[in-house]
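Remarks on the overall topology
Here's the letter readout for the chains.
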Amino acid sequence: MINKSVLNINKNYQTTSSSMLLNGNPGLFDTINMRFPEVEKLYKQMKKQDWDEAEFDYSPCKGEFKTVSRSISDMMIINLIYQWETDSLAANNIAPIVAQFQPSDELWSAWVEITKNEILHARTYSKIIEKSFDNPNEVLSDVINKLEPMRRLKAVSDAFAEVKKVSARLATGELSHDSDEAMDAAMLYITTMLTMERVQFMPSFLVSFAMGEIGLFLPAVLAIQKIAIDEYTVHVKLGKVLFVNEVNTPRGKASFERIKPKI
């Protein structure tokens, strides 16, 4: 028999559970018994919005970074660093973390597609740096040493690290998926991700778009505009749908009350 932790052939496909999480090991990928049509719609929308980081010619930015005032170039660079770090954190962690929280098939589809999209976003910021400077490795080194953007992500990275440890214990069977600790980790991830994307990350686009308003770094700004559209129209919407759904289940509501001080 196939190990049920890999493929649960006895999965209840017509479950009435109102939660998208922690409902047993995944079975056959099921599009017959769709229970969360709004999530399925966002998955399809994310697929349609796919694009490529090389669609834009960033070379004009190289001359502008050399000629604009230091205050303008620093503002753009530091903002790019923060955005690059944030999307790199998301690209590297979403799928590995959430895989162990037994998401519904609709939610897993959406999370995987968003992971791919976060990789695209991180690649875009990297490509902007690569094409905008004579020595992009100097900027890459500067990224690592800029403390302020790192500080902005500390609360998020600490939460992700905590959830990642729980996810690993779920994967090894050390921790039960039925435990409060598993649910609390899932709710911590959901709220952290939504806060990072809607409260922290969205305002960073204002700096990028302000540059575009004065006619600077336009290829980079146009690429960042596509990132903003992805984040606002799919990522944030999914985060809100998921949070509202889970906090309105008895288990999710109790969990959120437990973790609220941390949130």
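Everything discussed here concerns the structure shown above.
Summarised in this report is the structure supplied together with it. (Residues numbered from 1 in each chain as written. Predicted model: local features only at pLDDT ≥ 70, side-chain atom pairs only at ≥ 80, totals over all residues. Heavy atoms only, no water.)

Further remarks concern the overall build of the protein. For the protein, the helix and strand inventory stands at ten helices and zero strands. Ordered by position in the sequence, the α and β elements of the protein form the string α-α-α-α-α-α-α-α-α-α. Along the three orthogonal principal directions, the C-alpha set of the protein runs to about 65 × 35 × 35 Å. The buried share of the protein, taken over its 263 residues, is 48%. A sequence separation of at least 24 residues applies to 78% of the contacts in the protein between residues at least 6 apart. Just so you have it, the protein exposes about 13,200 Å², and 56% of that area is on carbon and sulfur atoms. Averaging the coordinates of the 30 positive side-chain charges in the protein and doing the same for the 34 negative ones gives two points 2 Å apart. (Helix = DSSP H or I, 4+ residues; strand = E, 2+ residues; numbered from the N terminus. Buried < 20%, exposed > 50% of the residue type's maximum accessible area, 1.4 Å probe, protein only. Contact = heavy atoms within 4.5 Å. Areas by Shrake-Rupley, 256 points an atom, 1.4 Å probe, with all protein chains shown as cover. Lys, Arg positive; Asp, Glu negative; His and termini not counted. Charge placed at Lys NZ, Arg CZ, Asp CG, Glu CD.)

Below, the discussion takes up helix α8 (residues 180-213). Taking 1.5 Å of rise per residue, 34 residues should cover 50 Å, and α8 covers 49 Å from first to last C-alpha, within 8% of that figure. Along its length, α8 reaches its greatest deviation from straightness, about 35 degrees, at Phe-201, and the proline Pro-203 lies no more than four positions downstream. Note on α8: the residue one or two positions beyond its end, Gly-215, has a positive phi of about 85 degrees. (Expected span 1.5 Å × (residues − 1). Bend = angle between axes of the 7 residues up to and from the residue.)

Among the nonpolar cores identified, the biggest contains 75 residues, and Met-76, Phe-101, Tyr-125, Tyr-189 and Phe-217 are the most heavily contacted of them. Residue assignment for this core shows that the elements contributing at least two residues are α1 (37-48), α2 (59-67), α3 (70-98), α4 (105-132), α7 (154-172), α8, α9 (218-247) and α10 (250-259). No other element matches α8, which puts 15 residues into this core. For Met-76, the contacting residues outside a window of four places in its chain are Phe-65, Met-211, Phe-217, Ala-220, Val-221 and Ile-224. (Core = buried A, V, L, I, M, F, W, Y, C linked by side-chain atoms within 4.5 Å.)

This paragraph deals with the packing of aromatic side chains. In total, this model carries nine aromatic pairs according to the counting rule given. On the basis of an interplanar angle of 70 degrees and a centroid distance of 5.1 Å, the ring pair of Phe-201 and Phe-205 is categorised as edge-to-face. Here Phe-205 and Phe-201 lie together in helix α8, a separation of four residues that amounts to about one turn. Phe-205 shares its class with Phe-201; the two are buried. By way of ring pairs, the aromatic residues Tyr-82, Phe-201, Phe-205 and Phe-209 are connected into one cluster. In this arrangement the basic side chain of Arg-152 is found over the ring face of Tyr-82, its NZ or CZ atom lying 5.0 Å from the centre. (Phe/Tyr/Trp six-rings, centres within 6.5 Å; stacked < 30°, edge-to-face > 60°. Lys NZ or Arg CZ within 6 Å of the ring centre and 35° of its normal.)

Despite not being glycine, Leu-22 has its phi angle at roughly 55 degrees, a positive value. For Leu-22, a relative accessible area of 5% puts it in the buried group. Although it is not a glycine, Gln-102 adopts a positive phi angle of roughly 45 degrees. Mapped onto the fold, Gln-102 is located in the loop between α3 and α4.

As for its placement among the helices and strands, His-177 is situated in the loop between α7 and α8. Put simply, His-177 and Gln-102 are 75 residues apart on the chain and 8.4 Å apart in space, counted from C-alpha to C-alpha. With residues up to four places along the chain from it excluded, the contact list for His-177 reads Leu-22, Gln-100, Gln-102, Leu-170, Ala-182 and Arg-251. Looking at His-177, its side chain comes within polar contact range of the main-chain oxygen of Gln-100, at 3.0 Å. (Polar contact = N/O pair within 3.5 Å; in protein donor to acceptor, adjacent residues only side chain to side chain.)

Of note, Thr-191 is situated in helix α8. Here Thr-191 falls in the buried class, since its relative accessible area comes to 5%. Each residue touching Thr-191, except ones within four places of it in the same chain, is listed here: Phe-243, Phe-256, Ile-259 and Ile-263.

This part takes up the side chain of Ser-179. Within the fold, Ser-179 resides in the loop between α7 and α8. Since its relative accessible area comes to 17%, Ser-179 is described here as buried. At 2.7 Å, the side chain of Ser-179 and the backbone oxygen of Ser-176 are in polar contact.

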